[in-house]
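As a plain string of letters, each chain reads:
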Protein chains: 2
Amino acid sequence: MADYKPPLDDFRFVLHQVLGVDALFARLPGAREVDAGLIDAVLEEAGRFAAQVLAPLNASGDAEGCHFDPASGRVSTPKGFADAYHAYVEGGWCGLNAPAEFGGQGLPETLGAAVKEMIDAANLAWGNYPLLSHGATEALRQHGEDWQRELFLRPIIDGRWTGTMCLTEAHCGSDLGLLRTRAQPADDGGYRISGDKIFITAGEHDLTENIVHLVLARLPDAPAGSRGISLFVVPKRKVGRDGQMGGENGVVCTAIEHKMGIHGSATCAMHFEGAEGWLVGQPHKGLAAMFTMMNTARLAVGIQGLGLIERGYQASLDYARERLQMRDIAGAKFPEQAADPLIVHADIRRMLLTQKAFGEGGRVLALHAATLVDIEHLGDDAAAAKAAEEELSFLIPIVKAVSTEAAIECTQHAVQIFGGHGYIKDNGVEQLARDARITTIYEGTTQIQALDLLGRKVLQLKGAGLKHFLARIEAFCRDHADTAELAEFVAPLGRAAQDWSDLTQALAAAAAKDPEVVAAAAVDYLFLSGHVALAWAWAISVAAADQAGDARRAAAKRATARFHYQRLLPRIESHRAAIHSGPANVLDLPAGQFD
Amino acid sequence: MADYKPPLDDFRFVLHQVLGVDALFARLPGAREVDAGLIDAVLEEAGRFAAQVLAPLNASGDAEGCHFDPASGRVSTPKGFADAYHAYVEGGWCGLNAPAEFGGQGLPETLGAAVKEMIDAANLAWGNYPLLSHGATEALRQHGEDWQRELFLRPIIDGRWTGTMCLTEAHCGSDLGLLRTRAQPADDGGYRISGDKIFITAGEHDLTENIVHLVLARLPDAPAGSRGISLFVVPKRKVGRDGQMGGENGVVCTAIEHKMGIHGSATCAMHFEGAEGWLVGQPHKGLAAMFTMMNTARLAVGIQGLGLIERGYQASLDYARERLQMRDIAGAKFPEQAADPLIVHADIRRMLLTQKAFGEGGRVLALHAATLVDIEHLGDDAAAAKAAEEELSFLIPIVKAVSTEAAIECTQHAVQIFGGHGYIKDNGVEQLARDARITTIYEGTTQIQALDLLGRKVLQLKGAGLKHFLARIEAFCRDHADTAELAEFVAPLGRAAQDWSDLTQALAAAAAKDPEVVAAAAVDYLFLSGHVALAWAWAISVAAADQAGDARRAAAKRATARFHYQRLLPRIESHRAAIHSGPANVLDLPAGQFD
């Protein structure tokens, strides 16, 4: 595969021009010192690390996979992964977004999101090790006691240890209410955790001397279901209150999974046998504690999708320019060559532009969501923080599900452009398609995102987030009502937003009578919402590009936006028809009569 | 994964009730002796072979893959593949559709197509070995000289040897006009073939003592491009005119590919070094000879897609019934259990019904296409044969591309229903998704099918095939204009057919002015055509089920048809919008400005 070229120019354009983060950060007390120079320096350095250290390990990590030694329970990551991790630690990347009081750099999530996309584009499997640390950091930061933060957070933030999230058990994935792992109170004020977890990313590895597990388990007096789950911090090796490392803590990896993709990411079955742990947050409130960090975790997986789209786009674009095959349908474009390059063909261009539209449009949407995280956490305006949180929690399921579903579609296009040469391992694009496949599943399936969006964020929370986002679209349309160059986008965007709003009202009315309306409409509503949200992202991108004055970029953004509006946005019609068709056509057939 | 259950009941229903093959075969002199008893016996026996012999080798063949020994150039297939092949030969399956004069059973292609779906559902990779023999058989039967047929056809048909199609070279896949393999005339009336081929399925293996390669190559006086390609028969081991086997023939496998899927299918790089070969058909007419067998080869790959859909559907349906996770949105359906089974959830049902609709609808369409093959080849009515050939060649790109693109979509749904348990290798569904990925590429990519459909079959041939198919739809709508139970299908089907016809007219007019219209519309036109064709397949299925009187089946067919009409058919709206948007939105961005 062609080398990964970090899209630094587009990141700078999106951050500075489209989203105006310089002015935004200047308004946020927690980000005031983050100026354009710092942003660009971080982007450039991260791009170099991703391209030079991580990308070369992507294919080899996939081919080698992780190793498990049943006798010791030890997991070895692929050759080079540990060295890359140590370089990452030395580069100071572990604490990029972590609080300064625990040794982090405290930089905005927006910047972290851009860095994350480059890591994921270069090597998705490797990126899961720091990603899980980020989740554990968030959990401890928001819900841990002071001594827990002091003891566990600092080594994670400085990269000496990593973190995990231990949720899933064999019989419960989406439905955590079913989990069985138990926590028994001990005399020392702690707990003894016993049970079995599966699908634990980075549950065991050879990158660090200790691993900090954040574990969901039930206390003895726990009510049944999801209201009886508590969160515990359980280190792999014991840690004294003085920070001294002790012996093994009854946490062992019993197997690693053999998967379709992300072979370099260790997916572990973990056995807890009376392991010492401490309660994080309130008893029985573990699920709520988990959910407070869902926004950033789901945003991160959405960004994984975007990284894969970018990587597949770069690879298939290079190939489409080089590979000579057939003549343009209207006659030879390059008669001096044996054939025309693939990129002359209309459908090759359709597949390239589909990738570009989802990749760059999705980037704007994801980074916009990240700015909302920063407004919420780094600002001092309570009303703005509340509005940001509402809009963010509305956008998160869209960003997560639509970016990852688009990653599946787009990496399939990348393979298709390569033809038979894409199906063999040599060119690396089939790996992207295999890696992409997990992203619509973990951190909440597309189905879970859809129910979260329509059931909770729109209906239960009365569409507060949707209103903020619609207001944003309306403001754009109003501001540009007379901008002739944007007319081709403003009118359809306004219409799509109005239809979206009307559809939402209609669904709310129907759902009040029949809750199955929600379940039967949710996924189509999610995709429809995503296409409209991306239409907004493309409209503001063209407006910003026109303003910024780079004619080459302005032309490319306009062409891609036009493609989105004319070739992708119309998909909302089939989603709308599916929604309007109601629940009967999926519910009527009795379960016993499907075969 | 759950055992493969051959869908014998649906095959019988589709063949006897929906397509009425018993009456059809009675009208065809070449199929007159094929009665319902014979059909059902063959189906049952094939189902048993697929389920008991092939299916158990599917996961193990994927895990083991093929082995290549660089020193000898030998390829070993996975454990059990050779034994299964020998059992297949002993069962008499090799010659199922082959002419009786060369030892075949001469049974209709329609029956062969049904058998093929079961083989592919059970073990797609294994199925490629007999599939390629089928292609070589067709080439020799239609274009070979008598002595070539006698010498090569009989051992292929009785299974002692297998065949290959050697088309692709490193620099030419879709564009065979670029190929470089040369054929030098020799004193013995034969030729010496030299060159390198890649992606040769079953190019080398350990199933048989000889392999018959059908090779495209250029004669010394060949014009450049696709009009200078000739077809040659080149055995792996030399064969005397008396049938005596000689020594090695300068044909060696130099490597096998490591691929995303179909690991058990040997994809070989082949080197020809002055190999003895004989011209098949006319000089420089090799591509035309190839195209005469494209219909059945492309139909076969479409059927591969259907086999994968059926297998993924069975697996995910079983899982959806067993796996307990969450409660129905309207309240617990099974309060006595810890949670409700997945199949209560509306979106799980949407994913199941999508698989069922594409799988069963696609089966009707593919088997209908196969009946056209039989009408063309086994009948004695020249006008009917011509009409069948025209309709068949129109339907082939639709069946091939839509079944395989649907296979990608549907196997993704199967994985999604399994969630994380689908991403790991243990449950087998991720293999289906990997295997499916090749089917939209080989035997002509979706893009090639689309250009064949719109550019050649519709525009160049003035829509002769489309007219036959539209007439079929119109006849159905007319016959059932007053059938109240079918009103929900007849009206939208009639409308969709009319719109399809109008759209085709509009495209023809626009294409006359600008050929790029064709290239920019082709893939969307293909999908739109597929959804309408499947709507016809579902309408005739419901009508037949209502007639046949099995209330359980009639209800299931109706529910699935309704799902197709209400949830899948509306996709034509987004395809129509994309087509109407014209070529500018894909062509305007200069190739140098995509990044």
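Note that this is a predicted model, so its numbers are computed, not measured. Along every chain, residues carry numbers that run from 1 in the direction the sequence is written. Following the order in which they are written, the chains are lettered starting with A and the ligands numbered starting with 1. Two thresholds apply to this predicted model, a pLDDT of at least 70 for residue-level local features and 80 or more for giving and counting side-chain atom pairs, whereas whole-chain, interface and lining totals are computed over all residues. In computing side-chain values, all of the structure's heavy atoms are included and hydrogens and water are not.

Visitor: Got a sec to walk through the packing of helix α9 (residues 294-322) of chain B against helix α10 (residues 346-378) of chain B? Specific residues and values, please.
Guide: All names here are of chain B. At a minimum axis distance of 9 Å, the contact between α9 and α10 shows a crossing angle of 150 degrees. Relative to α10, the element α9 is oriented roughly antiparallel. The way α9 lies across α10 gives a crossing that is left-handed. Here T296, L299, I303, L306, I309, E310, G312, Y313, S316, L317 and A320 of α9 come into contact with α10, specifically with I348, L352, Q355, K356, F358, G359, G362, R363, A366, A369, A370 and V373. Think of it as three bins: nonpolar holds Ala, Val, Leu, Ile, Met, Phe, Trp, Tyr, Cys and Pro, charged holds Asp, Glu, Lys and Arg, and polar takes everything else, Gly as well. When grouped by side-chain class, the residues that make up the contact of α9 with α10 number 14 nonpolar, six polar and three charged. Every angle, taken between N-to-C directions, lies between 0 and 180 degrees, and every axis is a line fitted to C-alpha atoms, over only the stretch in contact when it is a helix. Per the convention used, a helix needs a DSSP run of H or I reaching at least four residues, while a strand needs a run of E reaching at least two, with both numbered from the N terminus. Our angle categories are set so that under 35 degrees counts as roughly parallel, over 145 as roughly antiparallel, 65 to 115 as roughly perpendicular, and the remainder as oblique. Crossing handedness follows the turn of the near helix against the far one: under a right angle anticlockwise gives a left-handed crossing, and clockwise gives a right-handed one. The contact rule is simple, with two residues in contact once any of their heavy atoms fall within 4.5 Å.

Visitor: Quick one: what's the story with helix α7 (residues 146-157) of chain A, residue by residue and with numbers?
Guide: All names here are of chain A. By this rule the span expected of a helix is its residue count minus one, scaled by 1.5 Å. For α7, built from twelve residues, the straight-helix expectation of 16 Å at 1.5 Å per residue is met to within 8% by its first-to-last C-alpha distance of 15 Å. Working definition: with a 1.4 Å probe on protein chains only, accessible area under 20% of the residue-type maximum means buried, over 50% means exposed, and in between means partly exposed. If you check which residues of α7 are buried, you get Q148, R149, L151, F152, L153, P155, I156 and I157. On its buried face, α7 sits against α6 (109-143), β3 (161-166), β6 (210-217), β7 (230-235), β8 (237-239) and β11 (267-280). Following α7 by one or two positions, G159 has its phi on the positive side, about 90 degrees.

Visitor: Give me the packing of aromatic side chains: which residues, what numbers.
Guide: Residue and element names in this part refer to chain B. Note on aromatic contacts: the rings of Phe and Tyr and the six-membered ring of Trp form a pair at centre separations within 6.5 Å, being stacked when their planes are under 30 degrees apart, edge-to-face when over 60 apart, and tilted otherwise. In the structure shown here, the tally under the stated rule is 26 aromatic pairs over all chains. The interplanar angle of 75 degrees and the centroid separation of 5.1 Å between the aromatic rings of Y88 and W126 together place this pair among those described as edge-to-face. Pair noted here: Y88 is in helix α5 (residues 81-90) and W126 is in helix α6 (residues 109-143), with a separation of 38 residues, a long-range link. We classify W126 as buried; its relative accessible area is 0%.

Visitor: Summarise the interface of chain A and chain B; cite the residues concerned and give the values.
Guide: Each side of the interface is counted separately: chain A has 96 residues, and chain B has 96 residues. Contact between chain A and chain B buries roughly 8,200 Å² in total, counting both sides, with carbon and sulfur atoms accounting for 57%. Joining two parts hides part of their accessible area as seen by a 1.4 Å probe, and the buried area is that hidden amount summed over both. Its largest share of buried area at the contact with chain B, chain A owes to A:Y423, A:R567 and A:F594, together 11% of the area lost on that side. What makes a salt bridge here is a side-chain nitrogen of Lys or Arg within 4 Å of a carboxyl oxygen of Asp or Glu, nothing more. In this structure, the connection of chain A to chain B is made through four salt bridges.

Visitor: Help me get a handle on the relation of the copies chain A and chain B, residues and values and all.
Guide: Rotating chain A by 180 degrees about the axis while translating it 0.0 Å along that axis superimposes it on chain B, leaving an RMSD of 0.0 Å. These values place the two chain copies in the arrangement generated by a two-fold rotation axis. C-alpha atoms of residues with pLDDT of at least 70 in both copies form the basis for the least-squares superposition of the copies.

Visitor: Describe the state of the cysteines, naming the residues involved and giving the relevant values.
Guide: Only a pair of cysteine sulfur atoms within 2.5 Å qualifies as a disulfide here. Tallied over the full model, the rule gives zero disulfides over all chains. Cysteine A:C172 shares no disulfide, and the gap to the nearest cysteine sulfur, in A:C166, comes to 12 Å. A residue is classified by how much of its surface remains accessible, and A:C172, at 0% relative accessible area, is buried. Unpaired in this structure, B:C253 has its nearest cysteine sulfur neighbour in B:C268, at a distance of 4.0 Å.

Visitor: Which residues make up the environment of B:A519, and what values go with them?
Guide: If you trace the backbone, B:A519 turns up in helix α17 (residues 516-548). Sequence separation between B:A519 and B:V21 is 498 residues; the distance between their C-alpha atoms is 37 Å. Excluding residues that lie within four positions of it along the chain, B:A519 makes contacts with A:I329, A:A346, A:D347 and B:L451.

Visitor: Can you break down the nonpolar core residue by residue, with the values?
Guide: Side chains that are nonpolar tend, in soluble globular proteins, to be buried together. Think of a nonpolar core as a cluster: buried Ala, Val, Leu, Ile, Met, Phe, Trp, Tyr and Cys residues, connected wherever their side-chain atoms sit within 4.5 Å. Membership of the largest hydrophobic core comes to 359 residues, with the highest contact counts inside it found for A:W500, A:Y525, B:W500 and B:Y525. Tallying contributions element by element places helix α17 (residues 516-548) of chain A first for this core, with 24 residues. Filtering out sequence-adjacent residues up to four positions away, B:W500 remains in contact with B:F394, B:L466, B:F469, B:L470, B:I473, B:Y525, B:L528, B:S529 and B:V532.

Visitor: Residues and numbers for the pattern of salt bridges, please.
Guide: Residue and element names in this part refer to chain B. Applying the stated criterion across every chain yields a total of 72 salt bridges over all chains. The salt bridge partner of R154 is E150, with a shortest N-O separation of 3.2 Å. Of this pair, R154 and E150 both sit in helix α7 (residues 146-157), four residues apart, roughly one helical turn. R576 serves as the salt-bridge partner of D499, at 3.8 Å between the closest nitrogen and oxygen. Of the two residues, D499 is situated in helix α16 (residues 487-513) and R576 in helix α19 (residues 571-580); the sequence distance between them amounts to 77 residues.

Visitor: Kindly report on empty space enclosed by the protein, identifying the contributing residues and their values.
Guide: All names here are of chain B. Cavities and pockets are defined on a 1 Å grid built over the protein atoms alone: a cavity is a set of grid points where a 1.4 Å probe fits but cannot escape, while a pocket is an open set with protein on both sides within 12 Å along at least five of seven lines, and lining residues are those with an atom within 4 Å of any such point. Grid points are joined across faces, edges and corners, and a volume is the space filled by probe spheres set on the points. Inspection of every chain in the model, using the stated rule, returns seven cavities of 30 Å³ or more. Its volume calculated, the second largest cavity comes out at about 440 Å³. In terms of lining residues, the second largest cavity is bounded by 27 residues, among which Y88, N97, K116, P130 and H134 are the most central. Mapped onto the lining of the second largest cavity, the elements with two or more residues apiece are α5, α6, α7 and α9. In terms of residue count, the dominant contributor to the lining of the second largest cavity is α6 (13 residues). Along the lines of polarity and charge, the residues of the lining of the second largest cavity split into 16 nonpolar, eight polar and three charged.

Visitor: Go over helix α14 (residues 446-460) of chain B, please, and point to the residues and values.
Guide: At B:D452, α14(B) shows its largest bend, some 30 degrees. Downstream of α14(B) by one or two residues, B:K462 has phi in the positive range, about 55 degrees. Bend, at a single residue, is the angle you get between axes fitted to the 7 residues ending at that residue and the 7 residues starting at it.

Visitor: I'd like to hear about the confidence of the model for chain A, residue by residue, with values.
Guide: Confidence scores labelled pLDDT are given residue by residue by the predictor and lie between 0 and 100. When pLDDT is averaged across chain A, the result is 96; 100% of the residues are at 70 or more. In the predicted assembly, ipTM is 0.98 and pTM is 0.98.

Visitor: Go over the side chain of A:E360, please, and point to the residues and values.
Guide: Residues and elements named next belong to chain A. Examined against the element boundaries, E360 turns out to sit in helix α10 (residues 346-378). Overall, the relative accessible area of 11% leaves E360 in the buried class. Polar contact criterion, stated in full: a pair of N or O atoms within 3.5 Å, where within protein one must be able to donate a hydrogen and the other to accept it, and residues adjacent in sequence count only if both atoms are side-chain atoms. There is a polar contact of 2.8 Å between the side chain of E360 and the side chain of K557.

Visitor: How would you sum up the side chain of A:D10? Please name residues and give values.
Guide: In this structure, A:D10 sits in helix α1 (residues 8-18). Setting aside residues up to four positions removed in sequence, A:D10 forms contacts with A:E360, A:R363 and A:K557.

Visitor: With reference to specific residues and values, describe unusual backbone geometry.
Guide: Its identity is not glycine, yet A:K462 carries a phi of approximately 55 degrees, on the positive side. Mapped onto the elements, A:K462 comes out in the loop between α14 (446-460) and α15 (464-479). With relative accessibility at 64%, the residue A:K462 sits in the exposed group. In this structure, B:A202 is a non-glycine residue whose phi angle is positive, near 60 degrees. Mapping B:A202 onto the fold places it in the loop between β5 (191-201) and β6 (210-217). Judged by its relative accessible area of 0%, B:A202 is buried.

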